[in-house]
Structure formats: C-alpha cells, structure tokens
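Residues per chain are reported as follows:
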Amino acid sequence: MSSSSAALRELQRDLENKANDLSKLQKDIAKNHQVRKKYTIQLGENELVLKELDLLNEDANVYKLIGPVLVKQDLAEANANVRKRIEYISAELKRLDSSLQDLEEKQHSKREAILKVQQRIQSHQAGKAKA
C-alpha cells in the first residue's frame, strides 16, 4: 500500500515540476512577444523615415538628433544608416520568430507530458479505488 502512495507522490512531484517548466516557457513566450512588438514598431518607424528621406532632394538638409542637439548629416549617410537599422531590425525579428517557434514547440511537448502524467495519476487513483 505504501509503495503505491509513494509512486503517487512521485507522480505528483513530477507533475508539479513539469507545470513549473511550462510556466517558465509561457513567461519566455510572453517576453518574446513583448520584444517582438517593440521591434515591429521600430521597423515601421524606420520604414517611414526611409520613405521621407526618399522624397527629399539631393541638396536637402538632414538633421540627426544626438542627445539634446540636432546635428547636420549627409543625406546619403542618413539613408545608409536607416537602411542598416531596418536590416538589423528585420534580422532580429527573424531571430525572434525562430526562437518563438522553438519555445512554442517546447510548450506543446511539455503540455503533452503533463497530460500523460495526469492520466497516469488518474489511472493510479482509479486502480487504488478498486483495491
């Protein structure tokens, strides 16, 4: 009798550990979504800046805000900087997407593992009730 209750306690501990792991994964997924949202907003802003820069004439004055000061910047340099920023943000978004996919796969497998442990606990308790 005591061996079956020890086995049940072990299953419940296993279930608790898996539930904690799932909770950590869900927090990581939420954090990923938050960071992704920030990058998506930055990408939109930078694309808008690039469109504005494309509308300017070659001899137009472009200024860059550095701290509290506006500093004159070459149009070609400003264009190149914005394009590099867009490239970087796009790469980060791709990295976050693959990371998110990986986290979601882990979450799915963790949920399946939790279900299996729950089923084992239920069948263990059903067997105990028959005895």
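Residues numbered from 1 in each chain as written. Predicted model: local features only at pLDDT ≥ 70, side-chain atom pairs only at ≥ 80, totals over all residues. Heavy atoms only, no water.

- The name given to the protein chain in an unreviewed UniProt entry is Prefoldin 6, with the source organism recorded as Hibiscus trionum.
- On record in UniProt, under Sequence similarities (unreviewed entry), the comment for the protein chain is "Belongs to the prefoldin subunit beta family." (UniProt positions renumbered as here; feature names shortened; annotations may be inferred.)

Notes on the overall build of the protein chain
Inference 1: Summing up its helical and strand segments, the protein chain has 2 helices and 2 strands in all.
Inference 2: For the protein chain, the succession of helices and strands along the chain, N to C, is α-β-β-α.
Inference 3: In summary, the protein chain has a C-alpha radius of gyration of 27 Å against a globular reference of 14 Å for 131 residues, an excess of more than 25%.
Inference 4: Structurally, the protein chain occupies a C-alpha span of about 90 × 25 × 15 Å along its principal axes.
Inference 5: Expressed as a percentage of the 131 residues in the protein chain, the buried residues total 22%.
Inference 6: In the protein chain, once contacts between residues fewer than 6 apart in sequence are set aside, the share between residues at least 24 apart is 78%.
Inference 7: For the protein chain, the exposed surface amounts to about 9,800 Å²; the carbon and sulfur share of it is 52%.
Inference 8: With 24 positive and 20 negative side-chain charges, the protein chain shows a spacing of 11 Å between the two charge centroids. (Helix = DSSP H or I, 4+ residues; strand = E, 2+ residues; numbered from the N terminus. Rg over C-alpha atoms; globule rule 2.2 N^0.38 Å. Buried < 20%, exposed > 50% of the residue type's maximum accessible area, 1.4 Å probe, protein only. Contact = heavy atoms within 4.5 Å. Areas by Shrake-Rupley, 256 points an atom, 1.4 Å probe, with all protein chains shown as cover. Lys, Arg positive; Asp, Glu negative; His and termini not counted. Charge placed at Lys NZ, Arg CZ, Asp CG, Glu CD.)

Overview of the nonpolar core
In summary, soluble globular proteins display a tendency toward joint burial of nonpolar side chains.
Inference 1: Counting 12 residues, the largest nonpolar core is built from Tyr39, Leu43, Leu50, Leu53, Val62, Leu75, Ala78, Val82, Ile86, Ile89, Leu93 and Leu96.
Inference 2: Within the residue set of this core, elements represented by two or more residues are α1 (2-55) and α2 (75-130).
Inference 3: For this core, the element with the highest residue contribution is α2, accounting for 7 residues.
Inference 4: Excluding its chain neighbours within four sequence positions, the residues that come into contact with Leu53 are Val62, Leu75, Ala78, Asn79 and Val82. (Core = buried A, V, L, I, M, F, W, Y, C linked by side-chain atoms within 4.5 Å.)

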